[in-house]
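# Fold and contact review
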Amino acid sequence: MSAVPEPAVAWLLAAVQTLLFIAAAPLLAGWVKRVKCHMQNRAAPALIQPYRDLAKLFGKDVVMAENASWLFRATPYVVFGAFVLAAAVVPLVAAHLPTAAIADMIVLVGFFALARFFLALAAMDIGTAFGGMGASREMTIASLAEPAMLMAVFTLAMIAATTNLSVVIEHNLHAGLVLRPSLLFALLALAMVAVAETGRIPVDNPATHLELTMIHEAMILEYSARHLALIEWASQIKLMIYAALIANIFWPWGIAEEFTVAALALGTVAISAKLALLAIVLVVWETVMAKMRLFRVPQFLGFAFLLALLGMLTHVILETGA
Amino acid sequence: MALNIAYLAVIAALASAAVALGADFRRSGLARIAMFLLLGVSGVAATVAGGWALLENLKLTEQLALGLPWLHWHLRLDALSGFFFAVVGLLLVAVSLYGPAYVRELEGGKQPLAVLGLFTGLFAAGMLLVLLADDAFAFMVAWELMSVSSYFLVTHQHQNAPNRRAGFLYLLMAHVGALAILLGFGVLAGHGGNFTFDAMRAADLPPLWASIAFALAFFGFGMKAGLVPVHAWLPEAHPVAPSHISALMSGVMLKVAIYGFIRVSYDLIGDIQWQWGLAVLIVGTLSALLGVLYTLMQNDLKRLLAYSSVENIGIVFMGLGLSMIFLGTDHPVLGVIGLIAALYHVLNHAVFKGLLFLGAGAVQYRTHERDLERMGGLIHRMPATAALFLIGCVSIAALPPFNGFVSEWLTFQTALQTPKLESGVLRAILPIAAALLALTGALAAAAFVKVYGVAFLGKARERRAGHAREVPAGMLAGMGLLAVLCLVLGILPTTVIGVLENVPRLLLGQVPPSLTAHGWLWLTPVSAEVASYSAPLVLAAIAITFFVGRVLLRRKANPVRRGAPWDCGFGPLNARMQYTAAAFAQPIRRVFGPVWKVQEQVEVTHAEAPVTLVSGIRHQLHISDWSWFKLYEPIGRLVLAGARRIGRLHSGSIRTYLMYSFATLLLLLWIVT
């Protein structure tokens with residue numbers, strides 16, 4: 001363990017990091033959109049466009065469907081709360097912040113599940129076919145993605161002998177440049193799950209409202225104004241969480257282990273660079289892939305699960321030794 | 001003293017049965033109140049006695065002058081039975097709050113309430129006595145009291161043929177299971193010298209006989225607990241009983257079977273072999289996964305809940321299996337964590353499944369429906385029931401910060417300690433089991449989104465659901481008690497585990513200090529480095545973001561306007577355009593196709609004039625359980641064929657019968673000489 005300053009400073013840093021995380025999430029979404037437009041030869045929106053969109057939505061008045069109950073109104077806050085909490089747990093700039101101990105990787109998956117559960121319920125609250133369709137598809141995909149994700153998490157957990165994110169990152173940081181096949185498999189699996197869970201191509205298309213193919217958009221069709229803003233913001237945070245997880249677990253270099261100004265500045269620069277690069281990879285992936293038929297998605301996720309399983313088995317058989 | 005309170009619990013339950021038998025329900029509501037009051041007293045006494053024994057790690061034994069002349073009833077209350085005693089007690093309290101209003105509806109029915117009250121009391125007393133028994137004879141008598149009285153509860157509304165069929169199947173399976181348990185006790189008693197549990201504990205079994213005793217106990221108790229593939233009676237029997245009885249059966253009776261399993265394998269047999277653990281883990285994983293897949297396909301609310309009990313019992317057995325593997329390979333610390341995970345899930349499942357069954361009863365009370373496809377929009381009509389039911393759904397879907405999550409998380413943590421095992425095969429199998437548990441959890445969330453979304457949200461699909469009213473306060477109180485427990489057990493896991501630790505302390509003699517080492521705020525199963533979870537902080541953080549968000553956004557916002565939902569411009573939507581329960585589960589049905597036996601028929605009738613126009617579509621969907629066709633029916637056919645063969649002996653002629661007697665006599669004489 002590195003030298004930990006007094007708890008108050010650590011908690012303050014943790015709070016600052018969480019706020020930074022939440023504030024930076026729309027920026028990452030804007031960056032992805034911008035790079036994508038450049039890559040597809042379209043005119044790109046400004047980098048801060050997502051902030052403008054959120055500000056516009058927060059300023060509007062809410063229109064709710066006639067049949068909406070209290071659950072529909074409460075869901076955006078629950079979803080946002082769950083993702084803020086998840087963001088607090090994920091190490092971004094510095095490892096070993098006290099918030100990281102609140103929840104480990106399994107609990108993190110639990111937070112995602114909590115948000116999804118309420119979002120699916122809210123979708124069914126109105127009583128339209130779209131809501132039910134979105135909820136049904138989302139829960140189907142999630143029920144296949146979640147085990148694949150946990151399997152990848154288990155592989156990481158077994159390599160580092162912990163499910164604590166900070167400790168996993170620290171382990172990978174100090175293990176040096178060892179090419180472990182199990183880590184590679186886990187990375188691939190986690191990336192595929194991330195694509196499915198954040199609703200990117202080829203599983204879902206964040207830019208479409210085509211009625212028969214949409215999943216996430218079908219669930220939030222009835223939301224407006226501040227409720228919609230919270231949900232949009234939450235899904236931007238979700239994208240950033242997955243990106244930060246992949247970046248910091250598999251390429252932990254640069255993350256601050258000590259709470260000094262130099263280390264923190266280095267950490268900030270490092271994570272910004274890593275996220276920007278990851279976003280470019282995502283954009284290339286989204287540009288070269290076509291959207292899948294819904295019933296091909298289980299095969300996609302089944303493959304992710306298989307990769308994660310292979311990663312775990314290679315770890316158990318090859319890397320620990322009998 | 002604790003033992004006397006335990007007696008009071010049993011006596012109060014019996015008194016409740018006696019009151020029911022003697023009273024005249026048609027004349028006054030007093031008898032109804034008295035009946036449930038006594039049941040409540042029994043519940044409180046059981047909770048107090050059990051909790052006391054668990055907290056203080058008491059070991060109280062006594063002999064009663066009942067039973068056989070040479071074998072008096074031995075009774076014993078220790079931490080293990082105390083824990084289960086408290087679980088039964090808690091549910092009895094909730095049911096006694098809920099019952100008086102609920103059974104009103106049954107008063108006008110064909111069956112007298114007296115029968116229901118009588119067998120409810122006997123059933124409760126039977127369960128409590130099983131937990132107290134300290135010799136095989138008392139155990140089996142109490143076990144039969146529990147099984148037979150619950151048979152009468154299952155067949156309470158016996159005018160419906162399916163109920164009679166379910167009841168018969170239940171009775172049959174209960175006795176096949178009881179036979180296996182009896183044989184298991186026989187093996188133990190054969191080596192121990194007599195039927196007291198003390199003698200069995202002291203006996204030193206050779207490994208082969210220990211394995212046989214274990215296999216018999218696993219089969220017998222597993223059958224009663226509803227493990228796959230011998231689970232088929234459970235979704236038949238549990239839903240047809242009145243709902244407060246379903247809550248007791250699914251919530252507690254299955255737990256009594258788990259108690260029996262733990263008592264026999266951990267306590268009476270003692271030396272646990274890791275191969276047993278592997279068998280338990282595999283069966284548990286299968287039960288969990290198949291249970292949840294069948295849960296997803298049900299459209300009958302109570303049947304769905306019953307299948308979900310199969311799933312949750314599977315999760316409990318996964319915890320037990322992991323614990324036994326670690327104990328068998330000499331990792332006692334991890335074995336203890338697995339056992340605690342299993343016990344925690346026992347408690348959690350009792351609480352949330354009780355809550356959900358009571359909720360289903362509340363819905364049935366007002367809408368007279370069990371079919372999800374006929375409900376909808378109940379959140380507007382029954383807001384309090386809807387809120388309580390939501391807590392049950394969130395808990396059973398294993399979402400933080402509620403209680404179901406904690407026990408599943410502990411099970412995961414146990415499974416992740418596999419690198420400590422020497423055997424490569426075990427190291428590979430355990431994480432796969434964990435991954436299947438993850439799949440189970442995710443599918444359970446899907447199942448309960450379906451339940452809640454179809455039954456409580458959206459618009460009312462039938463008139464009766466549209467006219468439902470909130471249920472009486474007593475019923476809400478019963479559900480409310482369990483809902484509060486769901487939250488408390490979820491956010492104070494460390495405190496709960498501190499209490500539960502006395503069970504492994506009794507059974508295994510040691511407890512790792514790490515579980516609760518970091519105070520009530522932090523749960524750290526192995527060490528703080530390896531994993532930590534702080535449920536209170538999670539709750540606090542969710543609450544803070546929730547309220548900050550609301551306060552910030554609500555301050556200057558205009559009131560919410562209401563408008564029509566998006567209908568694609570085709571005109572107003574109606575309730576029949578909503579997604580149905582079957583439609584919700586369709587993608588999952590397609591993904592996991594071969595798991596069920598699906599018969600689907602679509603008949604399309606075409607209109608007269610333009611043939612392309614469709615005038616009507618009829619869709620029929622039957623989803624059945626493979627275990628019927630692959631296991632039950634072949635065995636049933638085999639038994640019938642065998643009976644027919646033996647039946648040929650009955651020729652009907654007296655001379656043949658005399659010849660049988662004569663031949664038997666000769667044979668016996670020959671043996672004797």
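Whatever comes next refers back to the structure up there.
Let me sum up the structure you'll find in this document. Keep in mind that what you see is a predicted model, and the values were worked out from it rather than measured.

### Let's talk about the overall build of chain A
Each helix and strand in chain A was counted, giving eleven helices and one strand. Each helix (α) and strand (β) of chain A, taken in turn from the N terminus, gives the series α-α-β-α-α-α-α-α-α-α-α-α. The globule rule puts the C-alpha radius of gyration for 322 residues at 20 Å, and the 20 Å found for chain A is close to it. When the backbone C-alpha atoms are referred to their principal axes, chain A occupies close to 60 × 45 × 40 Å. The buried share among the 322 residues of chain A stands at 59%. Excluding contacts between residues fewer than 6 apart, the proportion of contacts in chain A whose partners are at least 24 apart in sequence is 81%.

### Description of the pairing of strand S4 (residues 597-606) of chain B
All names here are of chain B. Counting buried positions along S4 yields zero of ten residues, so the element is predominantly exposed. Alignment of S4 against strand S5 (residues 614-624), held across ten bridges, turns out to be antiparallel. Directly across from Gln599, in S5, lies its bridge partner His622.

### A few points about the environment of B:Trp670
By the secondary structure assignment, B:Trp670 is in helix H26 (residues 654-672). A C-alpha to C-alpha distance of 65 Å links B:Trp670 and B:Gln620, two positions 50 residues apart in sequence.

### Points about unusual backbone geometry
A cis amide bond links A:Ile201 to the next residue, A:Pro202, at an omega of 10 degrees. Topologically, A:Pro202 is positioned in the loop between helix H7 (181-197) and helix H8 (216-219). The linkage connecting B:Val228 with the following residue, B:Pro229, adopts the cis geometry, with an omega of 5 degrees. By the secondary structure assignment, B:Pro229 is in the loop between helix H9 (207-225) and helix H10 (233-240). Even without a glycine there, the phi angle at A:Asn41 is positive, about 60 degrees. Counting through the fold element by element, A:Asn41 comes out in the loop between helix H1 (7-39) and helix H2 (49-59). Exposure remark for A:Asn41: the 6 C-beta atoms within 10 Å place this residue in the exposed category. Positive phi, normally seen in glycine, also occurs at A:Ala225, with a value near 50 degrees. Positionally, A:Ala225 belongs in helix H9 (residues 225-250).

Definitions and limits used
- Residues numbered from 1 in each chain as written.
- Chains lettered and ligands numbered in written order.
- Predicted model: local features only at pLDDT ≥ 70, side-chain atom pairs only at ≥ 80, totals over all residues.
- Helix = DSSP H or I, 4+ residues; strand = E, 2+ residues; numbered from the N terminus.
- Rg over C-alpha atoms; globule rule 2.2 N^0.38 Å.
- Buried ≥ 20, exposed ≤ 12 C-beta atoms within 10 Å, placed from the backbone.
- Contact = placed C-beta atoms within 7 Å.
- Pairing = 2+ DSSP bridges.

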